[in-house]
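Working through the structure, step by step
Given next are the chains, with one letter for each unit.
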Amino acid sequence: MAYYLGVMSGTSLDGLDIALIEQREQPHLLATHYIPMPADLRQDLLALCASGPDEIARAALAENRWASLAAQGIHHLLTNHGLAADAVRAIGSHGQTIRHEPARGFTVQIGNPALLAELTGISVVADFRRRDVAAGGQGAPLVPAFHEALFGHLGQRLAILNVGGFSNLSLIERHRPVHGFDCGPGNVLLDAWIERKRGQVYDADGAWAASGSVQAPLLSALLSDPFFAGSGPKSTGREVFNLTWLDAHLTRLPCYRDEDVQATLLELTARSIVESLCQAQRDTEALLVCGGGARNGALMNRLGQLLPTAKVASTAAHGIDPDWVEAMAFAWLAHCCLEGVPANRPSVTAAKGLRVLGAIYPA
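What counts and how
Residues numbered from 1 in each chain as written. Predicted model: local features only at pLDDT ≥ 70, side-chain atom pairs only at ≥ 80, totals over all residues. Heavy atoms only, no water. Pairing = 2+ DSSP bridges. Helix = DSSP H or I, 4+ residues; strand = E, 2+ residues; numbered from the N terminus. Buried < 20%, exposed > 50% of the residue type's maximum accessible area, 1.4 Å probe, protein only. Contact = heavy atoms within 4.5 Å. Disulfide = S-S within 2.5 Å. Axes fitted to C-alpha atoms, helices over the stretch in contact; angles between N-to-C directions. Parallel < 35°, antiparallel > 145°, perpendicular 65-115°, else oblique. Nonpolar A, V, L, I, M, F, W, Y, C, P; charged D, E, K, R; others polar. Arc of directions from axis to C-beta. Domains from an automatic or database assignment. Buried area = accessible area lost by both parts, 1.4 Å probe. Salt bridge = Lys/Arg side-chain N within 4 Å of Asp/Glu carboxyl O. Polar contact = N/O pair within 3.5 Å; in protein donor to acceptor, adjacent residues only side chain to side chain. UniProt positions renumbered as here; feature names shortened; annotations may be inferred. Left-handed = near helix turned anticlockwise from the far one by under 90°.

Right, let's talk about the pairing of strand 5 (residues 106–110) for a bit. Each regular strand displays side chains that alternate between the two surfaces of the sheet. Both strand 4 (residues 88–101) and strand 5 contribute to a ladder of five bridges, which runs antiparallel. Pairing of Arg99 across the sheet is with Val108, part of strand 5. Following strand 4, the chain reverses through four residues before pairing antiparallel with strand 5; Gly105 in that reversal takes a positive phi of roughly 85°.

What follows is the structure, given as structure tokens:
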């Protein structure tokens, strides 16, 4: 039995999720803390997702701020829970992805784990993705092994869907290795479009999307991207799906109302998930949703409509708050690293074999 912390900062860049788990036979969530991302740091991190001047210095300064923010949140969580830093075996820190291009042999997450260890007095395990990429894998998604550990006992033909900035699936069946892959944009385009047009960082409950109408020509054009034609293993990021990509399609088509574009982007998220799920795992009995998308009522309703024979529900239906599944996963990945347990899955990432993931920064 041991305590671990997981720190997750996803592609949505809305903030840092911090989860405290107790690792027994299965991980148990004990406490959580959320820190909104400061607006200036969010802009700095977004800017690092594309080429620009003085990138090395800008990245170093941004990751120092990220680590300081994470340390503040960890101190807050431990104080509120009455737990000393030396009671925690390790922090699993995902860091912030600024580039993900496995086809070119690299993925980059920043977060200065050495500084985080120094500021917290707790050992940090970080840099989980690069070992899988070094072994020829996609480096993502990394959560399917955790999903299997958490939900595999349910004994169904099960799919776990994480909808953050991007969406990814974990497919769990008896007598078959867990499968998984990225489906495409989750919230990333929805968030970017509403921020551009309405100055809001996200579409609460999908209300704005629900006020519009899906535009079939635009949806067809978006779904024609080569990424959607491929089957897993596959992963993606802001390098592929961004406002520039969307604008290129919009300039070739008639003018649409802003809310109709939002409705079409929500349909793109739902359709790309369901079509890839139906291709990879027929007759799915249940789809459990986690991440920010689980709070989007319009998206959840649409998934249910597109999957009438499957039970579509939040992971909360099985006692796991959907907001904290990924942060829990990186706490668990830290445990796997320290125990020497391989945590990638070649059936998910196409790596050459099982690998122990992460680099250790002692306290």
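Following the sequence through the fold, Ala286 ends up in strand 10 (residues 286–290). Overall, Ala286 belongs to the buried group, its relative accessible area being 5%. Setting aside anything within four residues of it in sequence, one finds Ala286 in contact with Gln156, Arg157, Leu158, Ala159, Ala310 and Lys311.

Turning our eyes to something else, we now look at the state of the cysteines. For the structure shown, the criterion picks out zero disulfides. Of all cysteine sulfurs, the one in Cys183 lies closest to Cys278, which takes part in no disulfide; the gap is 11 Å. We note that Cys336 lacks a disulfide partner, and the nearest cysteine sulfur, in Cys337, lies 8.8 Å from it. For Cys336, a relative accessible area of 3% gives the class buried.

The contact between helix 6 (residues 188–198) and helix 11 (residues 258–280) brings their axes to 9 Å, and the two run at 170°. Here helix 11 runs roughly antiparallel to helix 6, going by the angle between their axes. On helix 11, the residues touching Leu189, Leu190, Trp193, Ile194 and Lys197 of helix 6 are Asp258, Val261, Gln262, Leu265, Leu266, Leu268 and Thr269. Residues of the contact of helix 6 with helix 11, tallied by class, amount to eight nonpolar, two polar and two charged.

What follows covers helix 1 (residues 39–47). Taken as a whole, helix 1 has its buried residues at Leu41, Arg42 and Leu45. Axial view of helix 1: buried residues confined to an arc of 100°, hence all on one face. Elements in contact with the buried residues of helix 1: helix 2 (55–81), strand 4, strand 5 and helix 6.

Further remarks concern the domain arrangement of the protein. Each assigned domain of the protein is listed here: domain 1 (2–139 + 323–361) and domain 2 (144–318). Summarising the inter-unit geometry, the C-alpha centres of domain 1 and domain 2 are found 23 Å apart. Contacts between the two partners involve 27 residues from domain 1, matched on the other side by 27 residues from domain 2. Between domain 1 and domain 2, a total of about 2200 Å² is buried, with carbon and sulfur atoms accounting for 56% of that surface. Contact with domain 2 buries surface across domain 1, with Thr11, Val325 and Val348 losing the most and accounting together for 25% of the total. Linking domain 1 to domain 2 there are two salt bridges. Notably, a salt bridge pairs Arg42 with Glu195, separated by 3.3 Å at the nearest N-O pair. Across the domain 1-domain 2 interface, the total number found is nine residue pairs in polar contact (both at pLDDT 80 or more). When residues of the side of domain 1 that touches domain 2 are traced back to their parent elements, those giving at least two are helix 1, strand 4, helix 13 (325–339) and helix 14 (346–349). Considering each element in turn, the side of domain 1 that touches domain 2 owes the most residues, five residues, to helix 13.

Let's shift gears to the UniProt feature "binding site: ATP" (unreviewed entry) in the protein. The sites that carry the UniProt feature "binding site: ATP" (unreviewed entry) are, in the present numbering, Gly10, Thr11, Ser12, Leu13, Asp14, Gly15, Leu16 and Asp17. With respect to the helices, strands and loops of the structure, Gly15 is situated in strand 2 (residues 15–23). With relative accessibility at 3%, the residue Gly15 sits in the buried group. Excluding residues within four positions of it along the chain, Gly15 makes contact with Met8, Ser9, Tyr34, Ile35, Pro36 and Met37. Examined against the element boundaries, Asp17 turns out to sit in strand 2.

Let's shift gears to the packing of helix 8 (residues 216–223) against helix 10 (residues 243–250). Here helix 8 crosses helix 10 at 130°, and the two axes come no closer than 10 Å. Taken together, the axes of helix 8 and helix 10 lie oblique to each other. For the crossing formed where helix 8 meets helix 10, the hand is right-handed. Touching Leu218, Ala221 and Leu222 of helix 8 are Trp245, Leu246, His249 and Leu250, all from helix 10. Classifying every residue of the contact of helix 8 with helix 10 by side-chain character gives six nonpolar, one polar and no charged.

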